[in-house]
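Overview (structure and organization)
Single-letter residue listing:
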Amino acid sequence: MADWSRIETLPSERLDALFAADADRLKRLSLDVAGIHFDWSKTHLTADALAAFEALAKEADLAGRREAMFAGEHVNVTEDRPVEHTAERGEGKADSVARAASYHARMRAVIDAIEADAFGPVRHVLHVGIGGSALGPHLLVDALGRDSDRYDVAIVSNVDGMALDDVFDRFDPAATLLVVASKTFTTTETMMNADSVISWMTGAGVDDPYGRVIALTASPDKAIEWGVDETRVLPFSEGVGGRYSLWSSIGFPAAIKLGWEQFEELLDGAAEMDRHFRLSALHENAPALAAFADLYYTQVRHCETRATFAYDERLRLLPSYLQQLEMESNGKGVTVGGQPVGRPTAPITWGGVGTDAQHAVFQLLHQGTHIVPVEFVAVTEAGDTLPAEHHRQLLLNAFAQGAALMKGKQADDPARSYPGDRPSSTLLLDRLDARTLGALIAFYEHRVFVAGVLLGINSFDQFGVELGKEMAKAAAKGGGDFDPSTTDLIARAGLA
Ligand code: F6P
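Residues numbered from 1 in each chain as written. Predicted model: local features only at pLDDT ≥ 70, side-chain atom pairs only at ≥ 80, totals over all residues.

Under the annotation held in an unreviewed UniProt entry, the protein chain carries the name Glucose-6-phosphate isomerase and is attributed to Sphingomonas adhaesiva. One UniProt comment on the protein chain, placed under Function (unreviewed entry), says "Catalyzes the reversible isomerization of glucose-6-phosphate to fructose-6-phosphate." Under the heading Subcellular location (unreviewed entry), UniProt records this for the protein chain: "Cytoplasm". (UniProt positions renumbered as here; feature names shortened; annotations may be inferred.)

Let's talk about the site of the ligand
In the vicinity of the ligand, 14 residues are found, and the nearest of them are Gly-131, Gly-132, Ser-182, Thr-187 and Gly-242. Per-class residue counts for the shell around the ligand are two nonpolar, nine polar and three charged. (Near = placed C-beta within 6 Å. Nonpolar A, V, L, I, M, F, W, Y, C, P; charged D, E, K, R; others polar.)

Examining the domain arrangement of the protein chain
In terms of domains, the protein chain is made up of domain 1 (4–80 + 265–463) and domain 2 (85–264). Averaged C-alpha coordinates put domain 1 and domain 2 at centres separated by 31 Å. Secondary-structure elements contributing two or more residues to the side of domain 1 that touches domain 2 are α12 (260–279), α14 (318–330) and α17 (434–455). Each residue belonging to the side of domain 1 that touches domain 2 can be placed in one class, and the counts come to 15 nonpolar, four polar and eight charged. (Domains from an automatic or database assignment. Helix = DSSP H or I, 4+ residues; strand = E, 2+ residues; numbered from the N terminus.)

Looking at the packing of α12 against α17
At a minimum axis separation of 7 Å, α12 and α17 run at an interaxial angle of 40 degrees. As summarised for this structure, α12 and α17 are arranged oblique, according to the angle between their axes. When you trace α12 past α17, the crossing you get is right-handed. Packed against α12, whose contacting residues are Gln-262, Glu-265, Leu-266, Leu-267, Asp-268, Gly-269, Ala-270, Glu-272, Met-273, Asp-274 and Phe-277, the element α17 presents Ala-434, Arg-435, Thr-436, Leu-437, Gly-438, Ala-439, Ile-441, Ala-442, Phe-443 and His-446 at the interface. Grouping the constituent residues of the contact of α12 with α17 by class yields 11 nonpolar, five polar and five charged. (Axes fitted to C-alpha atoms, helices over the stretch in contact; angles between N-to-C directions. Parallel < 35°, antiparallel > 145°, perpendicular 65-115°, else oblique. Left-handed = near helix turned anticlockwise from the far one by under 90°. Contact = placed C-beta atoms within 7 Å.)

Thoughts on helix α19 (residues 484–492)
For α19, the buried fraction is low: zero of the nine residues fall into the buried class. Backbone geometry just after α19 places Gly-494 at a positive phi near 70 degrees. (Buried ≥ 20, exposed ≤ 12 C-beta atoms within 10 Å, placed from the backbone.)

Brief notes about the sheet that holds strand β9 (residues 348–353)
The sheet built from six strands is open, its strands ordered β1-β2-β11-β10-β8-β9 with mixed pairing. Each edge of the open sheet is held by one strand with a lone partner, namely β1 (30–33) and β9. In this sheet, adjacent strand axes meet at a mean angle of 15 degrees when their direction is disregarded. One ladder, built from six bridges, connects strand β8 (residues 305–311) with β9; its direction is parallel. Residue Arg-306 lies in a different strand from β9, and its bridge partner there is Thr-349. (Pairing = 2+ DSSP bridges.)

As for the environment of Gly-239
Note on placement: Gly-239 falls in the loop between β7 (233–235) and α11 (252–258). Put simply, Gly-239 and Glu-84 are 155 residues apart on the chain and 5.0 Å apart in space, counted from C-alpha to C-alpha. Discounting chain neighbours no more than four positions away, the residues touching Gly-239 are Arg-81, Pro-82, Val-83, Glu-84 and Ser-96.

Some words on the UniProt feature "active site" (unreviewed entry) in the protein chain
UniProt feature "active site" (unreviewed entry): in the numbering of this structure it lies at Glu-328, His-359 and Lys-469. Sequence-wise these annotated residues cover 142 residues; spatially they are dispersed, their C-alpha atoms as much as 36.8 Å apart. Topologically, Glu-328 is positioned in helix α14. In contact with Glu-328, not counting residues within four places along its chain, are Arg-243 and Gln-462.

Examining the pairing of strand β11 (residues 424–429)
On any regular strand, side chains alternate: one points to one face of the sheet, the next to the other face. Buried residues dominate β11, accounting for six of its six residues. Note that strand β2 (residues 36–39) and β11 share four bridges and pair antiparallel. The residue bridging Phe-38 from the neighbouring strand is Leu-427, located in β11. Inspection of the sheet shows strand β10 (residues 374–379) paired to β11 by six bridges, in the parallel sense. Note that in β11 the partner of Val-377 across the bridge is Leu-427.

A look at the pairing of strand β4 (residues 152–156)
Of all five residues in β4, four are buried, a share of seventy percent or more. Bridge count between strand β3 (residues 124–128) and β4: five bridges; the pairing is parallel. Across the sheet, the residue bridging to Val-125 is Val-153, located in β4. Crossover β3 to β4 through helix α7 (residues 135–144) is right-handed. (Right-handed = clockwise from strand over helix to strand, strands pointing away.)

Right under this line is the structure:
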């Protein structure tokens, strides 16, 4: 049984005092892994806090749970499944790794066939999917695909028809490949969007529109039933959770946009982080240290949110990707044993892009009444073609914000004073390439896992999303047992 009292009773000194008291602070709380420099020295973690978290991790059997995950045990207890996303990058149980490799080979063969014009002319790739079947691939394509002229890829998730309308305006139906991404192949939004793309193609006179569909799914039978030829179904394992699935065939839009070599680089970068997570002692283990900092702020300082600011335009989708990864994984109220957790679980994850966010939300970070642990993510090597001064300004702004949050400033006028002592961490990537992004995303996955284990929760189910889906489905069928307010809203919108 994990004893949290050792964490809750940790003394809380100011950050500047912590720096003054420990000449080794920066060294102790920073790491370089897989092309990423991690710096937690501006958090309130101390040597004592680390020792307390390591003891807690021992009690929670973090090492055992980690091995159980890599060994393919059914750590997703509520769904009685293994957790197999690391096998997608070659790390895990041998049969899971072999299966993932054969699925990857199949994906590669289909991409080769598309490139060889076996599907007729393809200039546009229209990927429909939602949640984990969209956020990961979208992040990859947006971050890494900017300089690629290999296919015009659009990723549509929303059931709001405006999302598809925008794509229909610019894509040629006769040169479009429809990619339907859904683990279950039952998700309402995705299936409705897929049907509408087929209608758009049919309306434009495309012969055999189903012949221009690729399905990415863990439910191949359902895809075939919907109309996709078996040879165009790219499967992945049930054990790969939706929000952990970009490494599987769900990463298809990235693989086709970037080319297969780049996709493999992504997997290799993630595998490097897997090995680091699996083999490193906790005091030098990036996902563990990040999770310890996160837990310190939720459990000791009662912070309800945590914010990530990407100081790189290419990573502008990172905050929304992290929202699903972190909140769908650890936004839980009961333990693996079904008991109330009895303490805060995942903080609300939010964020934005620097420097824009500085001129919008940073006021609250510097002077507001909420303490928000901030994470800065920046890249040393510039991605733009403008004079170097742009990137210099960008990075210096990120670093200065972290310094200002910590230092604060006293002035005679309270309105012009800054309390300081506000925590931040910094992740500085050498460059933004497929390999480093793979490592970064795997780092976030393992960080979520560590927090889940210490909290005693299952990070791999998501039953919390079901009730709303059920009620929307009932309403769509004209039924449902709704309260007066909801009944009135349905009637007012003319939907009764
Ligand atoms: O509603 C949540 C969810 O189940 C996510 O976990 C998942 O990523 C998303 O829906 C999409 O599901 P699917 O890939 O089965 O369409």
